[in-house]
Amino acid sequence: MIIKDRVIKYGNNIDTDVIIPARYLNTADRRELASHCFEDLDKDFKEKMKEKKIIVAGSNFGCGSSREHAPLSIKESGIKAVIAVSFARIFFRNAINIGLPVIASEEAAKHIEDGDEIEIDLSSGVIKDNRSDGIFRINPLPDFIQKVIKSGGYINYIRDSVNK
Amino acid sequence: MRKEPIKEMGSDNRAQAIAQKIIANHCDRDYVSEGEIVNASVDIVLGNDITMPIAIEEFKKIGADGVFDREKVVMVPDHFTPNKDIKSAQQCKLMREFAGEYNIKNYFEVGSMGIEHALLPEMGLVLPGNLVVGADSHTCTYGALGLASTGVGSTDAAVAMATGKLWFMVPRTVKFIYSGDLNKWVTGKDLILYTIGLIGVDGALYKSMEFSGPAVSRLSMDSRFTMSNMAIEAGGKFGIFEVDDKTRAYLKERSDGNYEVLSSDADAKYEKIYNIDCSDIESQVAVPHLPSNAKSARDIKNVEIDQVVIGSCTNGRMEDLKIAAEILKGKRVNNNLRTIIIPATQNIYLEALKKGYIEIFIKSGCVVSTPTCGPCLGGHMGVLAGGERAVSTTNRNFVGRMGHPDSEVYLSGPAVAAASAIAGRIAIPEEVM
Ligand code: SF4
């Protein structure tokens, strides 16, 4: 699967309170959550989203709360993947579990600039930056996690394994 | 002269840290290695009014007949409760109906509810040696009892509720050895803020944090819960203390003693060991907008504040209320601010009432609330306006955490919070007593 789009770039320690503020957690409605995604971090997020659908960020992306509403609101907004130097543990789990592609690559995250058009090839594990022709290899994910991703998320994976 | 052989490390060294031992015990193994992914059984699965509605949706998709064990699923409506608006009422209703439908034993309705991470240990639901997951990031709090507990998402909670199992990556361990005497007014909060200041908000990313050393044995259980609680603020997966006499005394009235006490092997592998001298640590404040921005409170001058919050799963326990009462007794809080005190559970509330603390708080001009997360996450009961500033005993000072994105939260322990309430600006107890 190849994901190709332009990049919105953010900094280090993007926490779950700015991804989706707690004042909106009185609902589990995905559309509504998505409409407030990144509201406190970047007022122009929705505007940028029209032509940029990959997020590239610094270290510890998604730190803070365990709210699955964070990756859900990102996914529902239409963001296709998040690349970061590193991810906070619970956010990373949640993203894998709901099927939002998350890629930890320090090299790629530091090189890629806001607005760059990039191509992520998840099967061969390569990120290409079309601005600079930079090529970045992604460390392969553990087998188990690849299986979860292939099933389309943790719930599907469990359902598949129960039905086997 | 013959040299001692160098001790073999790596795969030949089967010594384990406590986190490894607990995980190994829960997947029928003697040994698990760091970085390995295992499918382990869990002892408790927790959820709240924010995370459960999504977990319930996902649970239904699995198509399981019921939960894996009706006594091991715990549900606590504590975030937006008593229901702050119609939407949160709907969320709570969903969880209440699910609890009824699946006959969940440990569903805590408003009236017996407390903030989940104060409530579960108090009720004896989490015990040494357990492996616990909760759809709430501060589930790591229970590590104070010599167990491994960690926050997960709603989908994880759904799978764990249905199957009693979950995937875990076995973490590496970082050890913190605290020595030296504690300074006056210094509690677990100051130690943990100092520690996060030292290692940063991702200083223990994906790691198990082990808190040990002679100073730790002098800490109260309440202070230990505070420290384990904030392991996640350094990115940690677990924040574990080993069981000692204080732990056993705490558990005496809460369990039948049927639990397994584990400790790290003497030659366990640690990724890093930090030696921290507590006599260097004064009352701490973490300034906006990261918990790692810790400074000595006495070095923060002239920061005027609009609100003080004493409560939360971090510092809403007896020790915290006692310190606040000691400082506020016979004084008035500053006219220019609001002080909100939230005992974390009904039992703590009642005990504070019996001890006369609640009267002290009310006479000094504080508001005392029923247990709730409330302002900690900017939910209700003390949301900040744009430009306002709070000193709070909670655990996060991210942008917008307590309300308006232009408001600010300064994190502290109960002593600085109470002193600041009197002074109207960030202050240490010595300035107001
Ligand atoms: S008190 Fe605050 S940090 Fe603790 S569970 Fe509630 S919202 Fe989360």
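Please read these numbers as outputs of a predicted model, since none were measured by experiment. (Residues numbered from 1 in each chain as written. Chains lettered and ligands numbered in written order. Predicted model: local features only at pLDDT ≥ 70, side-chain atom pairs only at ≥ 80, totals over all residues. Heavy atoms only, no water.)

Peer 1: What's the story with the side chain of S105(A) in this structure? I'm lost.
Peer 2: Residue and element names in this part refer to chain A. If you trace the backbone, S105 turns up in the loop between strand 4 (102-104) and helix 6 (106-111). Side-chain polar atoms of S105 contact the backbone nitrogen of A108, separated by 3.1 Å. Discounting chain neighbours no more than four positions away, the residues touching S105 are I83, A84 and V85. (Helix = DSSP H or I, 4+ residues; strand = E, 2+ residues; numbered from the N terminus. Polar contact = N/O pair within 3.5 Å; in protein donor to acceptor, adjacent residues only side chain to side chain. Contact = heavy atoms within 4.5 Å.)

Peer 1: What exactly am I supposed to notice about empty space enclosed by the protein here?
Peer 2: If a probe as big as a water molecule is rolled over the atoms, it shows which places are left empty. Overall, the coordinates contain 4 cavities of 30 Å³ or more when judged by the stated rule. If you add up the space inside the largest cavity, you get close to 240 Å³. For the lining of the largest cavity, the secondary-structure elements that each account for two or more residues are helix 4 (116-122) and helix 10 (312-315) of chain B. Its residues assigned to classes, the lining of the largest cavity comprises 7 nonpolar, 10 polar and 6 charged. Its boundaries defined by the atoms lining it, the second largest cavity holds a volume of some 120 Å³. What lines the second largest cavity is a set of 16 residues, and nearest its centre among them are C63(A), G64(A), A88(A), I232(B) and G235(B). Residues of the lining of the second largest cavity, tallied by class, amount to 9 nonpolar, 5 polar and 2 charged. (1 Å grid on protein atoms, 1.4 Å probe; cavity = no way out; pocket = protein on both sides within 12 Å on 5 of 7 lines; lining within 4 Å. Points joined across faces, edges and corners; volume = space filled by probe spheres on them. Nonpolar A, V, L, I, M, F, W, Y, C, P; charged D, E, K, R; others polar.)

Peer 1: Can you help me understand the layout of surface pockets in this one?
Peer 2: For the largest pocket, the calculated volume is near 1200 Å³. Of all elements in the fold, only helix 5 (89-98), strand 4 and helix 7 (143-151) of chain A reach the threshold of two or more residues within the lining of the largest pocket. The biggest single contributor to the lining of the largest pocket is helix 7 of chain A, with 4 residues. Residues that form the lining of the largest pocket fall into these classes: 23 nonpolar, 9 polar and 5 charged. Taken as a whole, the second largest pocket holds about 510 Å³ of empty space. If you trace the second largest pocket, you find 20 residues lining it, with D222(B), Y250(B), R254(B), M318(B) and E351(B) closest to the centre. Listed by contribution, the elements that provide at least two residues to the lining of the second largest pocket are helix 4, helix 8 (221-229), helix 9 (245-252), helix 11 (318-328) and helix 12 (346-354) of chain B. With 4 residues, helix 4 of chain B is the single largest residue contributor to the lining of the second largest pocket.

Peer 1: Teacher, can you tell me more about the sheet that holds strand 1 (residues 2-9) of chain A here?
Peer 2: Backbone hydrogen bonds hold the strands of a sheet together, and the pairing may be parallel or antiparallel. Residue and element names in this part refer to chain A. The 7 strands lie next to each other as 4-3-2-1-5-6-7, forming an open sheet whose pairing is mixed. The strands lining the two open edges of the sheet, one partner per strand, are strand 4 and strand 7 (134-137). Averaged over all adjacent pairs, the angle separating strand axes in this sheet is 25°, with direction ignored. Here strand 6 (residues 126-129) pairs with strand 7 via 4 bridges, running antiparallel. Residue pairing in the sheet places K128 in a bridge with I135 of strand 7. (Pairing = 2+ DSSP bridges. Axes fitted to C-alpha atoms, helices over the stretch in contact; angles between N-to-C directions.)

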